[in-house]
There are 2 protein chains.
Amino acid sequence: MFEIRPFHPRDWDAVWSFVKPVFRAGETYGIPRDITKDEAFLYWVKNPKETYVCVDDKGQVLGTYYLKPNQLGPGQHVCNCGYIVNETARGRGVARQMGEHSFKMAKKMGFYAMQYNLVAASNIAAIKLWESLGMEIVATLPGAFDHAKLGRIDAHVMYRIL
Amino acid sequence: MFEIRPFHPRDWDAVWSFVKPVFRAGETYGIPRDITKDEAFLYWVKNPKETYVCVDDKGQVLGTYYLKPNQLGPGQHVCNCGYIVNETARGRGVARQMGEHSFKMAKKMGFYAMQYNLVAASNIAAIKLWESLGMEIVATLPGAFDHAKLGRIDAHVMYRIL
C-alpha cells in the first residue's frame, strides 16, 4: 500500500511530468492534446474540489487523481474523478488504490454516486479495473471519442452508487 | 415558424426573465438554483460556442438555446445544447423548432453527434420531444438528479449521431 495524500503545489512539477505525456497522447482524456502546463493546473488542481497524489516511501509521485461534482445544483451529489498513473509506476496497483481511495473519500464527502463521462472503449485495462471496483458501463456512446491513433471510437459512461 | 437568430447582448434582460425561474425551480438543469444573473450569463452565453434566441414577429423572445462542445480534445466533436422556452410561449412548438435548428447548426459546424448529459426522468414532455427528433436514451443514471420537488430521481443521457 502506498500513501495517498492531498496534492500540494510543490507536487505540480512532478505531476505535470507524467500527466503531460498522457494528455499529449490523446488516447484517454477529453481535454485538448496541446493543453499548456498552466491550463492543466486549472483542469487538474484548481477547478476540482480536491486533488490527491499517490507517493512511495521515497516521496516519488506515482499517480494522481482529482475529485469534483460532475454537475452543479441538482447534479452536484454525483462525483466525477480522473486518475493518471506515472508511466514508470504502471502495474503496481496504483490505479486500483487511487480508485478505492476516491470512492471512500467521495462517500465521506457526502456524494451519492460516482460517474465517469468519457471512458475510451480502447482503454480496456482501465475499464476492467473500474468494473472490478463496482463501476458499471451504463452507456456506450458511438464514435464519441476521437482517439489520436484509432480515430473515432466508442466511449463509455460508467456509474456506480457509492 | 418563428425566427431563430444569434443572441445579442441586448437580449439578455429578456432571456434572463424567463430562464431565471427555470433555474430557480431546480427541476431541469444541473446548475445551482441560486445562480446569479452574471453567473447565468457566463453559463448560457459566454462559455458556450454559440447562443440563439427564438423570436416572434414582434421581436418577443420565446426561447433560447446554447451550443457547445460536450468535452474538449478527443471529445470535442460531440455537441451539447441546452434549451429553455419562455413560460408564456409553451405549447407553440418553440422547443421543437429550436431542437431542429440546433441539430442543423451543429452538423453545419462539423459536429458528429449531439449529447444531453442530464435529462431529469421527470421531464417527460422534453424526453418525448427529443426522442421524436432522433435523440435516444443511451443511459439511465439512478438517482443522478436531485429534483427540487421529487428528490433524487433518475437522469438520462441522450445521444444521436447527426
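Novice: Explain the pattern of salt bridges to me, and be specific about the residues and the numbers.
Specialist: Residue and element names in this part refer to chain A. If you walk through the whole model with that rule in mind, you get eight salt bridges over all chains. Arg90 is paired through a salt bridge with Glu87; the nearest N and O atoms lie 3.5 Å apart. What makes Arg90 partly exposed here is its relative accessible area of 46%.

Novice: How would you explain the confidence of the model for chain A if you had to name every residue and give the values?
Specialist: Considering every residue of chain A, the mean pLDDT works out to 97; 100% of them sit at 70 or more. Among the scores for the predicted complex, ipTM is 0.93 and pTM is 0.95.

Novice: Account for the interface of chain A and chain B, with residues named and values stated.
Specialist: Contacts between the two partners involve 28 residues from chain A, matched on the other side by 28 residues from chain B. In total, about 2,200 Å² of surface goes out of reach between chain A and chain B, with carbon and sulfur atoms giving 64% of it. Looking at the side of chain A facing chain B, the largest losses of area belong to Pro74(A), His77(A) and Arg152(A), adding up to 23% of the total buried there. Our count for the chain A to chain B interface comes out at zero salt bridges. Linking chain A to chain B there are ten residue pairs in polar contact (both at pLDDT 80 or more).

Novice: Report on the side chain of Asp11(B), specifying residues and quantitative values.
Specialist: With respect to the secondary-structure elements, Asp11(B) resides in the loop between strand E1 (3-6) and helix H1 (12-25). Residue contacts for Asp11(B): discarding those within four places in its chain leaves Arg5(B), Pro6(B) and Val53(B).

Novice: Provide a residue-level description of the packing of helix H3 (residues 94-108) of chain A against helix H4 (residues 124-132) of chain A, including the pertinent values.
Specialist: All names here are of chain A. Viewed as axis vectors pointing N to C, H3 and H4 meet at an angle of 40 degrees, and their least axial separation amounts to 10 Å. For the element pair H3 / H4, the angle class is oblique. Note on packing geometry: the crossing formed by H3 with H4 is right-handed. Of H4, the residues touching H3 (which contributes Ala95, Arg96 and Gly99) are Leu129, Trp130 and Ser132. In terms of residue class, the contact of H3 with H4 is built from three nonpolar, two polar and one charged.

Novice: Describe the relation of the copies chain A and chain B, and please don't skip the residues or the numbers.
Specialist: Screw-axis analysis of chain A against chain B gives a translation of 0.0 Å along the axis, an RMSD of 0.0 Å, and a rotation angle of 180 degrees. Such a combination of turn and shift is consistent with a two-fold rotation axis. Considering only C-alpha atoms, the residue of chain A closest to the rotation axis is Ala139(A), which sits at 2.4 Å. Of the residues that chain A buries at the interface, 100% are likewise interface residues in chain B, meaning the two copies contact each other through the same surface.

Novice: Lay out the sheet that holds strand E5 (residues 113-120) of chain A in plain terms, naming residues and giving numbers.
Specialist: Residues and elements named next belong to chain A. If you trace the seven strands from one edge of the open sheet to the other, you get E1-E2-E3-E4-E5-E7-E6, paired in mixed fashion. In the strand order of this sheet, the two ends are held by strand E1 (3-6) and strand E6 (136-147), each with one partner. Strand after strand, the sheet turns through a mean of 25 degrees between neighbouring axes, direction not considered. Relative to strand E3 (residues 61-69), strand E2 (residues 50-55) runs antiparallel, the two sharing six bridges.

Novice: I'd love a proper account of the packing of aromatic side chains, names of residues and values included.
Specialist: All names here are of chain A. One pass over the full model with this rule turns up 32 aromatic pairs over all chains. With 5.8 Å between their ring centres and 70 degrees between their planes, Tyr29 and Trp44 make a pair best called edge-to-face. Note that Tyr29 is positioned in the loop between helix H1 (12-25) and helix H2 (37-46) and Trp44 in helix H2, a separation of 15 residues in sequence. No difference in accessibility class separates Tyr29 from Trp44, as the two residues are buried.

Novice: Hey, could you go over H4(A) for me, with residue numbers and the actual values?
Specialist: All names here are of chain A. By the burial criterion, the buried members of H4 are Ala126, Ile127, Leu129 and Trp130. Projection of H4 onto a plane perpendicular to its axis shows the buried side chains occupying an angular sector of 165 degrees, all on one side. For H4, exposure combined with an orientation more than 90 degrees from the buried face picks out Ala125 and Lys128. Packed against the buried residues of H4 are strand E4 (78-85), H3, E5, E6 and strand E7 (151-161).

Novice: Which residues make up the environment of Thr51(A), and what values do they have?
Specialist: Topologically, Thr51(A) is positioned in strand E2. A polar atom in the side chain of Thr51(A) sits 2.8 Å from the backbone oxygen of Trp44(A).

Definitions and limits used
- Every residue gets a number counted from 1 within its own chain, in the order that chain's sequence is written.
- Note on labels: chains are lettered from A, ligands numbered from 1, in written order.
- Totals for whole chains, interfaces and linings use all residues, but because this is a predicted model, local features are given only for residues with pLDDT of at least 70 and pairs of side-chain atoms are given and counted only at 80 or more.
- Excluded from the side-chain calculations are hydrogens and water; all other atoms, namely the structure's heavy atoms, are used.
- The working definition used for a salt bridge is a side-chain nitrogen of Lys or Arg within 4 Å of a carboxyl oxygen of Asp or Glu.
- With a 1.4 Å probe rolled over the protein chains alone, any residue whose accessible area is under 20% of its type maximum counts as buried; one over 50% counts as exposed, and the rest are partly exposed.
- Known as pLDDT, the predictor's per-residue confidence is scaled from 0 to 100.
- Throughout, a residue-residue contact means that at least one pair of heavy atoms, one from each residue, lies within 4.5 Å.
- Reported buried area values correspond to the accessible surface (1.4 Å probe) lost by two parts on association, with both partners' losses combined.
- Polar contacts, as counted here, are pairs of nitrogen or oxygen atoms within 3.5 Å of one another; within protein the pair requires one atom able to donate a hydrogen and one able to accept it, and residues that are adjacent in sequence qualify only if both atoms are side-chain atoms.
- Each helix is a run of DSSP H or I of at least 4 residues and each strand a run of E of at least 2, with the numbering of both proceeding from the N terminus.
- To get an axis, a line is fitted to the C-alpha atoms, and for a helix only the part in contact is used. The angle between two axes follows their N-to-C directions and goes from 0 to 180 degrees.
- Relative orientations are named as follows: roughly parallel for angles under 35 degrees, roughly antiparallel for angles over 145 degrees, roughly perpendicular for angles from 65 to 115 degrees, and oblique for any other angle.
- The sense of a crossing depends on the near helix, which, turned anticlockwise from the far helix by less than a right angle, makes the crossing left-handed and, turned clockwise, makes it right-handed.
- Just so you know the grouping, Ala, Val, Leu, Ile, Met, Phe, Trp, Tyr, Cys and Pro go in nonpolar, Asp, Glu, Lys and Arg go in charged, and all remaining residues, Gly too, go in polar.
- For the least-squares superposition of copies, only C-alpha atoms count, and only for residues with pLDDT at least 70 in both.
- Pairs of strands are assigned from DSSP output, requiring at least two bridges between the strands.
- Ring geometry is summarised as follows: Phe, Tyr and Trp rings, the Trp one being its six-membered ring, pair when their centres sit within 6.5 Å, and such pairs are stacked at plane angles under 30 degrees, edge-to-face over 60 and tilted between the two.
- Relevant arc is that of directions from the helix axis to the C-beta atoms, nothing else.

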